Amino acid sequence: MFLTIEGVEGSGKTTLVQALHERFALAGIDVLVTREPGGTPAGNAVREMILRSRLDVTPLTEAFLMNGARSEHVTEKIRPALAEGRIVLCDRFADSTLAYQGYGRGLDLPTLRLLCLAATGGLEPDLTLLLDLPVERLRDRLAERIAPEDPFEGEDAAFHERVRHGYLELAKSGGRWRILDATLSPEALVDAAWDVVQPLVAS
Ligand code: T5A
């Protein structure tokens, strides 16, 4: 089973992934926890380049770099783990490209979908939890940080609104998407997430 967590900056994805990991461990279930960009040496190099070194690139280059990292991630880490029967829990995946480079940066969505398809080889999550956070709350959470941790955090409110709207549009397709209220406390959020995840894992 392949589970992904998506949402705007500071919506609590990393906190939730850690808490879910603990729930799985308590249930005696082995889970591979990973993230994008990242998860492999190439993925970490892209993370370093874009997020930490703040390499100034066009939105299309950004999309290619994210998908180059994703291709490595899927081939080297995610598919092998799934083939072993493990659950994979991933902090961001291809929907981040559609939300950020598509809705956020304004790139053509069909082109991005093709790029993502090439990178994933058609692998889709079984379940995607969208942590939906209003942009005013996002600003409050980011304001608690001394400085933006990556260039996306420094974008204006309109950018974050477009990304949030993009996610909500993507989630309208239903299917694998579940929207969770990211204004809940961390404890309430993991309870809500576990209520969705646990029956799927058990079935
Ligand atoms: N990106 C990524 C693209 O543009 N395209 C792509 O294809 C991909 C894969 C990744 C960046 O790259 C972009 C999107 C991103 O900008 P990242 O460092 O992984 O960079 O960034 P985020 O995923 O946004 O990580 P953040 O740390 O900013 O946010 P999280 O993980 O959503 O939030 P978290 O858990 O770190 O919590 C943030 C703060 O809120 C508190 C925490 O204590 C923390 O202080 N918090 C809560 N507070 C109240 N209630 C809750 N429920 C809370 N949960 C956490």
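Whatever comes next refers back to the structure up there.
The model shown is predicted, which means the values in this text are computed figures rather than measured ones.

(A) Summary view of the sheet that holds strand 2 (residues 31-35). An order of 2-3-1-4-5 is seen for the five strands of this open sheet, with the pairing classed as parallel. At either end of the open sheet lies a strand with only one pairing partner, and these are strand 2 and strand 5 (177-181). For this sheet the average axis-to-axis angle between neighbouring strands, irrespective of direction, equals 20°. As paired strands, strand 2 and strand 3 (residues 87-91) are joined by five bridges and run parallel to one another. The partner of Val31 across the bridge, within strand 3, is Ile87. Set on the sheet, helix 8 (residues 186-202) makes contact with strand 1 (2-7), strand 3, strand 4 (127-132) and strand 5; between it and strand 4 the angle comes to about 170°.

(B) Molecular detail of a negative patch on the surface. Residues Glu136, Asp140, Glu144 and Glu161 make up a contiguous surface patch of negative charge. Looking at where Glu144 falls in the secondary structure, it is placed in the loop between helix 6 (135-143) and helix 7 (157-171).

(C) Seen up close, the site of the ligand. In the neighbourhood of the ligand, 26 residues make up the surrounding shell, with Glu9, Lys13, Thr14, Thr15 and Thr97 lying closest. Here an oxygen atom of the ligand and a side-chain polar atom of Arg70 are 3.0 Å apart. Contacts to the ligand include Arg92, whose side-chain N or O atom sits 2.9 Å from an oxygen atom. Looking at the shell around the ligand, the elements with two or more residues in it are helix 1 (13-26), helix 2 (41-52), helix 3 (59-83) and helix 4 (94-104). No other element matches the four residues that helix 4 contributes to the shell around the ligand. Within the shell around the ligand, the residues separate by chemical class into seven nonpolar, nine polar and 10 charged.

(D) Inspection of the side chain of Thr97 at higher detail. Position of Thr97 relative to the elements: it lies in helix 4. Since its relative accessible area comes to 1%, Thr97 is described here as buried. Excluding anything up to four places from it in sequence, Thr97 contacts Met66, Asn67, Arg70, Gly102, Leu112 and Cys116.

Rules behind the numbers
- Residues numbered from 1 in each chain as written.
- Predicted model: local features only at pLDDT ≥ 70, side-chain atom pairs only at ≥ 80, totals over all residues.
- Heavy atoms only, no water.
- Pairing = 2+ DSSP bridges.
- Helix = DSSP H or I, 4+ residues; strand = E, 2+ residues; numbered from the N terminus.
- Axes fitted to C-alpha atoms, helices over the stretch in contact; angles between N-to-C directions.
- Contact = heavy atoms within 4.5 Å.
- Patch = residues over 30% accessible without salt bridge, like charges linked within 9 Å, V, L, I, M, F, W, Y side chains within 5 Å.
- Areas by Shrake-Rupley, 256 points an atom, 1.4 Å probe, with all protein chains shown as cover.
- Salt bridge = Lys/Arg side-chain N within 4 Å of Asp/Glu carboxyl O.
- Lys, Arg positive; Asp, Glu negative; His and termini not counted.
- Charge placed at Lys NZ, Arg CZ, Asp CG, Glu CD.
- Near = heavy atom within 4 Å.
- Polar contact = N/O pair within 3.5 Å; in protein donor to acceptor, adjacent residues only side chain to side chain.
- Nonpolar A, V, L, I, M, F, W, Y, C, P; charged D, E, K, R; others polar.
- Buried < 20%, exposed > 50% of the residue type's maximum accessible area, 1.4 Å probe, protein only.

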